[in-house]
Amino acid sequence: HNVEALAMAASVAMRRGDHPAAIRYLRQQTIFDPSNVHAWVNLIALYERVDRPEAVNVLVTEAIAQGVRDARLYLARGRYYLAQRDLEKAIEDFKRALERNSRLFEAHLLLAQTLGGMGQLRPALQHATLAVHLRSNDRAALLLKAELHRLLGESEAEIQCLTVLIANSPRDFDLVQ
């Protein structure tokens, strides 16, 4: 089997929306070339798209066992663990993703949300702040950062975050005097 032909067939199947065929081709790619990060990432993204979380977990674990250490793999498995409410494992994988790519917005945001939900407000705020630095106008990141400041009793910082939110989309807010 020619790995390039499998990659082309997977690409065509993905563009057509033929997820089962794309999954077959990508799976064959990962078997013939276990170090193919692109094939693993696309395969896992497809399984996420077709809502097969167990497959995501198994495939990420397999890819890591094959020596693939891409941040997106750890992020995908972290999302799986988060959905399963296995917060410790989710945190571990989000941190591993960030070790490999410190500019991964979603990993910072999900880590901040998870830590905040566990009452670890300062570490959560650190990751929310990094998420805002990466995407300064992201509504979810700004709201999370404002909420963490509120929970920490830091009203000035909370107001700064909310001011940015209001400035970004003034029509979304009704200001009452």
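You'll find the structure just up there.
Right, let's walk through the structure included here. Here the residue numbers are simple positions, counted from 1 along each chain's written sequence. Since the coordinates come from a predicted model, pLDDT governs what is reported: local features require at least 70, and pairs of side-chain atoms require 80 or more to be given and counted, while whole-chain, interface and lining totals use all residues. Only heavy atoms go into the side-chain values, all of them from the structure, while hydrogens and water stay out.

Some points on the overall build of the chain
Part 1 of the argument: Helix and strand content of the chain: ten helices and zero strands.
Part 2 of the argument: Counting from the amino terminus, helix and strand elements in the chain follow one another as α-α-α-α-α-α-α-α-α-α.
Part 3 of the argument: By its C-alpha atoms, the chain is 70 × 35 × 25 Å across when sized along the principal axes.
Part 4 of the argument: Partly exposed describes any residue whose relative accessible area lies between the buried limit of under 20% and the exposed limit of over 50%, with all areas from a 1.4 Å probe on protein chains only and scaled to the type maximum. Each of the 177 residues in the chain was classed as buried or not, and the buried ones make up 42%.
Part 5 of the argument: What makes two residues a contact is simply this: any of their non-hydrogen atoms within 4.5 Å. Within the chain, counting contacts between residues at least 6 apart in sequence, those at least 24 apart form 43% of the total.
Part 6 of the argument: Computed by Shrake-Rupley with a 1.4 Å probe, the accessible areas treat only the displayed protein chains as cover when residues are assessed. When the accessible surface of the chain is totalled, it reaches about 10,100 Å², and 50% of it is carbon and sulfur. Per the convention used, a helix needs a DSSP run of H or I reaching at least four residues, while a strand needs a run of E reaching at least two, with both numbered from the N terminus.

Points about the packing of helix 3 (residues 37–49) against helix 5 (residues 71–83)
Part 1 of the argument: Put simply, helix 3 and helix 5 touch, their axes get as near as 10 Å, and they point 20° apart. In terms of orientation, helix 3 and helix 5 fall into the roughly parallel class. Relative to helix 5, helix 3 is oriented so that their crossing is left-handed. On the side of helix 3, the interface is formed by V37, W40, V41, I44 and E48, while helix 5 contributes R72, L73, A76 and R79.
Part 2 of the argument: Taken together, the residues that form the contact of helix 3 with helix 5 break down as six nonpolar, no polar and three charged. Note on geometry: axes are C-alpha line fits, over the in-contact stretch for helices, and angles between N-to-C directions span 0 to 180 degrees. An angle below 35 degrees is read as roughly parallel, one above 145 as roughly antiparallel, one from 65 to 115 as roughly perpendicular, and any other as oblique. Each crossing gets its hand from how the near helix is turned against the far one by less than a right angle, where anticlockwise is left-handed and clockwise is right-handed. Any residue outside Ala, Val, Leu, Ile, Met, Phe, Trp, Tyr, Cys, Pro, Asp, Glu, Lys and Arg is labelled polar, Gly included; the first ten of those are nonpolar and the last four are charged.

Focus on unusual backbone geometry
Part 1 of the argument: Non-glycine residue D51 carries a positive phi angle of around 60°.
Part 2 of the argument: Tracing the chain through its elements places D51 in the loop between helix 3 and helix 4 (53–65).
Part 3 of the argument: In this model, R85 sits at a positive phi of 65°, which is unusual for a non-glycine residue.
Part 4 of the argument: Its location among the elements puts R85 in the loop between helix 5 and helix 6 (87–100).

Re helix 7 (residues 105–117)
Part 1 of the argument: A helix is expected to span 1.5 Å for every residue after the first. Compared with the 18 Å implied by 1.5 Å per residue over 13 residues, the 18 Å span of helix 7 between its first and last C-alpha is a close match.
Part 2 of the argument: Burial analysis of helix 7 places ten of its 13 residues in the buried class, which makes it a mostly covered element.
Part 3 of the argument: Burial in helix 7 covers these residues: F105, A107, H108, L109, L110, L111, A112, T114, L115 and G116.
Part 4 of the argument: On its buried face, helix 7 is in contact with helix 5, helix 6, helix 8 (121–134) and helix 9 (139–151).
Part 5 of the argument: Among the residues trailing helix 7, G119 stands out with phi positive, at a value near 85°.

Thoughts on the pattern of salt bridges
Between side chains of opposite charge, pairing is possible as soon as their charged atoms come close.
Part 1 of the argument: One side-chain nitrogen of Lys or Arg within 4 Å of one carboxyl oxygen of Asp or Glu is enough to make a salt bridge. The full count for this structure, using the stated rule, is eleven salt bridges.
Part 2 of the argument: The closest approach of N and O atoms between D93 and R77, which form a salt bridge, is 2.5 Å. Of this pair, D93 sits in helix 6 while R77 sits in helix 5, placing them 16 residues apart in sequence.
Part 3 of the argument: A single network of salt bridges, built from pairs that share partners, joins R77, E92, D93 and R96.

A look at the packing of helix 9 against helix 10 (residues 155–168)
Part 1 of the argument: Relative orientation of the contacting elements helix 9 and helix 10 amounts to 155°, with a least axis distance of 8 Å. When the axis of helix 9 is compared with that of helix 10, the two are roughly antiparallel. Considering how the two elements wind past one another, helix 9 and helix 10 form a crossing that is left-handed. The residues of helix 10 that touch helix 9, namely those facing R139, L142, L143, K145, A146, H149 and R150, are A157, E158, C161, L162, V164, L165 and N168.
Part 2 of the argument: Of the residues in the contact of helix 9 with helix 10, the class split is eight nonpolar, two polar and four charged.

Description of the side chain of T30
Part 1 of the argument: Turning to its location among the elements, T30 is positioned in helix 2 (residues 19–32).
Part 2 of the argument: In contact with T30, not counting residues within four places along its chain, are A39, W40 and L43.

Without other data, these values stay purely geometric and don't point to any function.
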